[in-house]
Each structure stands twice: as C-alpha cells, then as structure tokens.
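The residues making up each chain are set out below.
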Amino acid sequence: MKRLGLLWVRLAAALFAVAISLAGAVAPALAHAQLVTADPVDGAVLAEAPKHLTLTFSEPVRPLVARLIHPNGRTEILADIGEKGAAIVLALPGGLEQGTHILSWRVASSDGHPIGGGLLFSIGSPSAVAPADAAQSDLPVRIGLWTARLLLLAGLVFGVGGVTAMSWLAGTEPMPGRRFVTLALLVGLCAAPGMIAFQGLDALAEPLTGILKPEVWQAGLWATSYGMATLMAAAALLLGYGAVQPGRQLFFGRLCTIVALALLGAAVAASGHASAAPPHWLTVPAVFFHAVAVVLWLGALVPLGFVLARRDAAVALKRFSTAIPAVIAVLLVSGGIIAIVQVRAIAALWQTNYGLVLLVKLALVAGMFLLAVFNRYALTAPAAAGDGNASLRLRRSITAEIVLGTAVLAVLGLWRFTPPPRSIAENPALYEVQEVRAAKDGVTALLTIRPPIVGPVRVEVGELLLDGKPFEPMSVNVELDKPSYGIGPFAHEARRINTGAFHADGFVLPLDGFWVVRVTVLVSDFRSVTLMDVFDVRNASR
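Trainee: Would you take a moment to explain the sheet that holds strand 1 (residues 35-39) for this structure?
Mentor: Strand pairing in a sheet is mediated by backbone hydrogen bonds. Such pairs are either parallel or antiparallel. If you trace the four strands from one edge of the open sheet to the other, you get 1-3-7-6, paired in antiparallel fashion. The two strands at the open ends of the sheet, each matched to only one other strand, are strand 1 and strand 6 (81-84). Each neighbouring strand pair of the sheet contributes to a mean axis angle of 20 degrees, computed without reference to strand direction.

Trainee: Sorry, what's going on with the confidence of the model for the chain here?
Mentor: When pLDDT is low, close inspection of the predicted coordinates is not appropriate. Mean pLDDT for the chain: 83, with 88% of residues reaching 70 or above. Low confidence marks residues 22-31, where pLDDT is under 50. Its contacts with residues over four positions away, or in another chain, come to 29 contacts. This model gives residues 129-136 a pLDDT under 50, and the stretch forms 26 contacts once residues within four places in sequence are excluded.

Trainee: Help me out: how do you make sense of the packing of helix 2 (residues 139-168) against helix 11 (residues 388-412) in this one?
Mentor: The relative placement of two packed helices is expressed as an angle between their axes plus a distance between the axes. With their axes 9 Å apart at the nearest point, helix 2 and helix 11 run at an angle of 140 degrees to one another. Between helix 2 and helix 11, the angle is such that the two are oblique. In this structure, helix 2 meets helix 11 at a crossing whose hand is right-handed. Between helix 2 and helix 11, the contacting residues are W146, R149, L150, L153, A154, V157 and F158 on the first element and I402, T406, L409, A410 and L412 on the second. Split by residue class, the contact of helix 2 with helix 11 holds 10 nonpolar, one polar and one charged.

Trainee: What is the right way to read the packing of helix 4 (residues 214-223) against helix 5 (residues 225-244) from this model?
Mentor: At a minimum axis distance of 5 Å, the contact between helix 4 and helix 5 shows a crossing angle of 80 degrees. Relative to helix 5, the element helix 4 is oriented roughly perpendicular. Contacts between helix 4 and helix 5 involve G220, L221 and W222 on the former and, on the latter, G227, M228 and L231. In terms of residue class, the contact of helix 4 with helix 5 is built from four nonpolar, two polar and no charged.

Trainee: Got a minute to help me understand the pattern of salt bridges in this structure?
Mentor: Two side chains with opposite charge may pair up if their charged atoms get near one another. Counted under the stated rule, the structure contains eight salt bridges. For R74, the salt bridge is made with E76, and the minimal N-O distance between the two is 3.7 Å. E460 is the salt-bridge partner of R450, the closest N and O atoms lying 2.8 Å from each other. Here R450, found in strand 11 (residues 443-450), pairs with E460, found in strand 12 (residues 455-466); they are 10 residues apart in sequence, far enough to count as distant. When salt bridges that share partners are traced, they join R67, E206 and K213 into one network.

Conventions we followed
- Residues numbered from 1 in each chain as written.
- Predicted model: local features only at pLDDT ≥ 70, side-chain atom pairs only at ≥ 80, totals over all residues.
- Heavy atoms only, no water.
- Pairing = 2+ DSSP bridges.
- Helix = DSSP H or I, 4+ residues; strand = E, 2+ residues; numbered from the N terminus.
- Axes fitted to C-alpha atoms, helices over the stretch in contact; angles between N-to-C directions.
- pLDDT = per-residue confidence, 0-100.
- Contact = heavy atoms within 4.5 Å.
- Parallel < 35°, antiparallel > 145°, perpendicular 65-115°, else oblique.
- Left-handed = near helix turned anticlockwise from the far one by under 90°.
- Nonpolar A, V, L, I, M, F, W, Y, C, P; charged D, E, K, R; others polar.
- Salt bridge = Lys/Arg side-chain N within 4 Å of Asp/Glu carboxyl O.

The structure is reproduced here in structure tokens:
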C-alpha cells in the first residue's frame, strides 16, 4: 500500500509539472480580440479604389476568412492576407467598381473562438442599397459542433478515465469493464474528425454543405487553438486504447495513463474561455487540474460498477474511497477559481446565459456530490465486506452518478456558444440591446437592434400581432437608413427563427446617431403594412 501511495504522489507531481509548464507556454491575451482601427475607416467614401485594407485588433489574431461583397451582390474571397502582429492586411482586387462594398471578416481570437465583423466603404459615392452580408454559422453546424464535442468528452472521460481506474485501482486480478472502456475510447476517436470538421465550418461561417471542402478541414485543424486541442485529445485516446489492450504489463498501462491524463488536461487548458482568462499562471493550471479531476472521478465509476457486480470489489473500493476525497477537493478548488474569474459578480449567475449554464452544471454536480458522500460513508464499507444488498444499492447509486455526470458533459458544450460575464464586463457594448415597439393599421411588433453600436448589427422582429392576436406573415423585410446623411436604405429580408420571431442579419452601420428602421410585413397577397421607428446607435467607446 505504501508503494501505491508513492505512485499516486509521483502521478500528482508529474501532472502538476505539466500544468505549470502549460501555463508558462500560454501567451497573455484578452478574452476576445476586438477591432481597434480600420484603414480605410468604416463608412469611408473614397475617390479611388484602395489597394489594401488594414484591420488592427486589440491582440494578435489569426485570420480565418475575408469576403468582399461588391455593389452588385457578388461575393469574392480575399486570399492574399498578411499578418503583422495585431494587424492583418488584406490585398483588395484591382478594378473595384463604383459604389458601396462590404468587407466581412472572421478571425480567431487567442482562446480559439471565431470572431466576426464587417465594415463598409464606398468608391465614388455610396450605393442606394447595401449588399447582403455573408451568413454566420447556421443551426445544424452548431448542433453538430455540440454533438461532436459531447462524444469526444464522453470518450475522454469514460475511456481515458476508465482505463486509468482499471490500471490504478485493480488488485491482483484485473478489473472488469474492458469492453465498455474500449468502446468509449473508439467513440471518442470517431468523434475527433467530426469535431475538426465542425470547428472548420464554424470558423469560416460555412453551412453544413461545405463540410467536404479542403479549406474547412484545414481551418478546423490549424485556424484556431481547438484544432491542436482535438489532436492532443485524440493522442490521449490512442494511449488509452493501447493501455487497455489485454496482455499489457501493469507498468506499461500506468505509464500510458499518466501521459494520457497529461495530454487530456493540456488539451482542455489550451483552448476555451477559461484558458484565455488572466492571470494565466492561475487559470491554466486550474483548468488543467479541473479536467483531470473530472476524468478521475467520472471515469472510475463504470469499472467500479462492473467490479461490484462481480462481488470482489474490496480492493478497488478501498483504493477509490481513499483517493476520491483528494480528487473532489481538487475539483472544487479549481472549479471555484474558474468560476470566480469568469463570473465576477454573483448577479451574473442569473443575468447571463453563461451564468444560467453554470447554475445548471452546479445543480448536477451537487447531486453527484451528495451521492458520492452517501456512497462513501453509508455503502462502501458494507459492500467491500461482501454485503450483497449494499453492493446492489451502491451499483444503482453509481449508475445515477454516471447519468448526472453525462448530463454535466452535455451542459458544458453550451459554453462554446455563450460569452462569460468577464468578457461582457470588458466589452459591454457588444452585448447590449435596444428595443422599440412599433404599430400601424392593427399590426404591432417589438423591434430589437443588437448591438446598438456602429458596425455589424442584427435587427429582430418579434411579438408580431394583428389586431391583438398572433399571426404568421408571408414575409418580413427590414430597412435601415440615415436620411440626414443620405445613407441607405440598407435592406434585408428577415428570416424566420421561430413562431412570431424574425432575424435580419447583414447590416453594417458606418455612423452613429439616429437610424430610421422600417419593417414591411406582408400580411396577405393583397395587404402589406410598414412599421417605422428610430434606433439610437452609438459608438462603442461612448
């Protein structure tokens, strides 16, 4: 037993060294890059066509894709992109026609998340109508990204965690559950290519139909930090697969699990919101150890369930019961650090989507913790002594823990699409909304612009009522213009999101001040109603 304790100490020391090294390797960065300046400036009217367009950000970024949309609506991909630290230089094609052009760009921030935006410039004089902007990642891509992430995490937790438990908790006889652990590892390996593909689609804002494009796979692999993280996760899964094969020596299996855990923790700590949060010397090791602790806890549950069914679980239960308090302590401390850094204010727990996801996660983890405490202090000793009834109850409780743990993994995937309160506090204008209620001829609607600042905006049309009752219009079109400056109207058809809700994307507003919004609702083939109101748009720095 002393020898086993020494091995646990060595394992912890090795993982601690990896976490500290990873923290030193991560360059200081903000949560998300922000566009600081553009040359030519947004909304500029130029006498001659520029040869280059320069975008300067608040931190170094990696360009993903840039699309130039011509006045006639033709979209052209700009391939000649140079990088100069925090600035990217786009070579514009020669012979640009007169009128308004829109540049739609996407870059990768330091935490791996794609950041998109756009700007408008005109040659000679502005066009009467601005062209449509490029579409953002659609719902099928987001669902695919969430699913691939869930399967990859499940493979890591139940695969790598399972083989770790089988290598370190077993007595003289091998622990059962090899088939399940092997299946989990294979599921994770199969999910890794899907993760890369959907990351590429999300990075380039491509629809699902673009999944076979080489540039999508290239972006998924190399454009963001998620690509390298996925490769490290796949390497951890391969090591776990090698360790779980029959006939392997115990020393080989334990060595593989140490390296696999280090790769797994590094993969999680190398990308995502929390890993990019300062101070890095604290957050990166916290994310690393949080991921490892989750794997050690959840991953051990399935092999323990199998060994309980065999009723010779005394050795495994004793070793797990001895180690799990330290694992949970690491989990709680590291999770607390991450939550404090990311959430900042208690009110953000119920005022932001990130906070709501965190509350759901905490509720699930609390249920797991209560089950774990009950298992350790009420069921472990009699089950280890051979009490069949206690073993059965412990297996059922472990199954409940596994279900709750899987739900936690599913909830974690939602954070990929929700900015943390820390990011919102640093850039509040990007997350503000402005609402007005318009009415005419019996038609009423709630009109929303987000964010109400200069640059790319979305107009939402909701709560559509006809004579006080909900109805389904044949179409909804949105126009924005600034008559005092002779700019616009910029027109886009709104797409249906759900019953009674429509979104119009692609607007890029070059100036602050009052913008007139007109929403034309086609009630029937013979009747249309135009709602009109005003949005007060400001500069982000105000």
